[in-house]
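Okay, here's what each chain looks like letter by letter:
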Amino acid sequence: MQRSFLLYFLITLIGILFIGRLFQLQVIRGANYDPIHNSAVKIEYDYPERGYVYDRNGELLVANQLSYDVMVQPNQVTPLDTLEFCNLLKIDKADFLKRLKKADNYAPYLPSVFLKQLAKEDFAFLQEKLHKYTGFFIQKRIIRKYPINAAANVLGYIGEVNETLAKENAYYQPGELIGKDGIERQYEDYLRGTKGKKYLQRNNLNKVTGSYLDGSYDTIPENGKDLTLTLDIQLQLYAQKLMSGKRGGIVAIEPSTGEILALVTAPSYDPNMLVGRKRSRNSTILFNDTISKPSYDEGLLATYAPGSPFKMMNALIGLQEGVITEDSGFRCNHGFRYGSRAGAFMGCHCGITGRPVQLKAAIARSCNTYFSQTYKKIIEKNNKPSEGLDTWHNHIASFGLGNYLGYDLPAGSPGLIPTGKYYDDIYRYSWNGSTTISNAIGQGEVLTTPIQLANFTAVIANRGYFYTPHVLKEVNKNPIKDSVYTIAKKQR
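Small disclaimer: the values here were computed from a predicted structure and weren't measured.

**Considerations on the overall build of the chain**
Phase 1 of the analysis: Helix and strand counts for the chain stand at 16 helices and 18 strands.
Phase 2 of the analysis: Here the C-alpha atoms of the chain give a radius of gyration of 32 Å, more than 25% beyond the 23 Å that 2.2 N^0.38 yields for 492 residues.
Phase 3 of the analysis: Its C-alpha atoms give the chain principal-axis dimensions of about 110 × 75 × 45 Å.
Phase 4 of the analysis: Split into buried and exposed, the 492 residues of the chain put 45% on the buried side.
Phase 5 of the analysis: Considering only contacts in the chain between residues 6 or more positions apart, those separated by 24 or more positions represent 72%.
Phase 6 of the analysis: When the accessible area of the chain is evaluated, it comes to approximately 25800 Å², of which 51% is carbon and sulfur surface.
Phase 7 of the analysis: The average position of the 58 basic charges and that of the 46 acidic charges among the side chains of the chain differ by 4 Å.

What follows is the structure in structure tokens.
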């Protein structure tokens, strides 16, 4: 009797488990079922056109062109004439085995790129014979085209998705294209669009017999959004011409909006170099060039002593801290002596002698003496140089110097605006305004990027308002609204 009860109990329990599992698969998970792991289902992706990119005047900067990739789904590959197939693709057997193993290691049930970007003549010839090779198929791909050789540092480029990213982001498959730099990377979600999918049913001979479940899982592609940039490409080309044979950057900002009109780095490169099958070879050349550094954005990454434009910063801080007024004057006498040592003299070529130099004349003539006196007064205002320098630093930081500006490009460098601690560590608390006097004229330890300095001067030109620099103007012809890039911040 006891054994019969136990037997009935086990049968009932197993039945409940089976019913529960069927309920989970068919009811709970049925709505979210993904047939991708079903070996009887083949998935074909329909890639959308990537969004086009225009300058502020409607000139086309980035367009699209068709490319053809050979794809493979390893679990569908059957024995084949390897020699004939390799001859068709112009690869050797070792390369064939390496590529197939890489695809299988990633995911045997997912299609991935076997050979990318065939030439048109190779594609036409291969397409006629590809039916003989189960598990391989041709995938059309959209790659970029740049009608104008300009602004490679702003536009960026697209490159292949690697296995690590594909595993982290379910949207991408290995070998697909993604924005790698510039606005291609920054606005990838806008530009990429949405892939379409077709699920095809296969029989036991791996032949497609029709749509899976009458196409109920199929989706259509959605093209990427077109972007209009703030750049004026004619101004960009002119600035590039000015930088021919030089190293450095040029940044032009519209003060009333923060829109970047030109952002030039030199040396640079033709963006078409990073398109198609030649991209791999050219990228090795560009990114390994440690002398010219064409892929290094001098306008966003390079740091320089800001020089004379920085003198206006010290004047503004001096006025704010009350150590000078517009009428304050300092005698120049061809320079500024800041210590008892023989070498403690900063020369000046303003040409004003015999009378005190006032603020307007100091700015017009770039008087080293005037701004050195002003800086010294700021730092030694309360006879506490470290605190004085921190006050000086905080004023400068409010203009975006010494930090990232928050612009919409992925590259950047914070530069350096020293703090009191910076000099306390160097001079062991034994220093004053004269010790760091080179900061008065934009030399010394102060370092800024070209875009930081351009933004600082834009603040002055805009009568004290700060607009975050940016390159995005419109998305699908709709102006950007309620964005951090268009909110003004009044400087103190």
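**A closer look at the sheet that holds strand β8 (residues 196-202)**
Phase 1 of the analysis: Reading across from one edge, β1-β8-β9 is the order of the three strands in this open sheet, with antiparallel pairing throughout. Only two strands of the sheet have a single neighbouring strand rather than two, namely β1 (41-46) and β9 (208-211). Between one strand axis and the next, the sheet turns by 35 degrees as a mean value, whatever way the strands run.
Phase 2 of the analysis: Pairing of β1 with β8, which is carried by six bridges, proceeds in the antiparallel orientation. Bridged to Lys42 within β8 is Leu200.

**Here we look at the environment of Tyr467**
Phase 1 of the analysis: Tracing the chain through its elements places Tyr467 in the loop between β15 (465-466) and β16 (472-475).
Phase 2 of the analysis: Separated by 214 residues in sequence, Tyr467 and Ile253 have C-alpha atoms that sit 9.9 Å apart.

**A word on the side chain of Thr436**
Phase 1 of the analysis: Relative to the helices and strands, Thr436 resides in the loop between α15 (420-427) and α16 (450-461).
Phase 2 of the analysis: Assessed through its relative accessible area of 2%, Thr436 is described here as buried.
Phase 3 of the analysis: Sequence-distant contacts of Thr436, that is, excluding residues within four places in its chain, are made with Tyr375, Tyr423 and Trp431.

**Looking at the pairing of β8**
Phase 1 of the analysis: Across three bridges, the pairing between β8 and β9 is antiparallel. Bridging from a neighbouring strand, Leu200 pairs with Ser211 of β9.

What counts as what
Residue indices begin from 1 for each chain and proceed along its sequence in written order. Owing to the predicted nature of the model, reporting of local features is limited to residues with pLDDT of at least 70; listing and counting of side-chain atom pairs is limited to 80 or more, with chain, interface and lining totals taken over all residues. Calculation of side-chain values draws on the structure's entire complement of heavy atoms; hydrogens and water are dropped beforehand. Helix and strand assignments come from DSSP, with helices taken as H or I runs of at least 4 residues and strands as E runs of at least 2, each series counted from the N terminus. For the radius of gyration, the atoms used are the C-alpha atoms, and the globule rule reads 2.2 Å times the number of residues raised to 0.38. The classification of residues rests on relative accessible area computed with a 1.4 Å probe and restricted to protein chains. Under 20% of the type maximum is buried, over 50% is exposed, and intermediate values are partly exposed. Residues count as neighbours in contact if any of their non-hydrogen atoms are within 4.5 Å of one another. Where accessible areas are quoted, they stem from the Shrake-Rupley method and a 1.4 Å probe; at the residue level, only the protein chains shown are allowed to cover. The convention is simple: Lys and Arg are positive, Asp and Glu are negative, and His and the chain ends are not counted. By convention, the charge on Lys lies at NZ, on Arg at CZ, on Asp at CG and on Glu at CD. DSSP-based pairing: two strands are paired if at least 2 bridges between them are found. Angles run from 0 to 180 degrees between N-to-C directions of axes, and those axes are lines fitted to C-alpha atoms, restricted for helices to the stretch in contact.

Shape is all these values report; function is a separate question.
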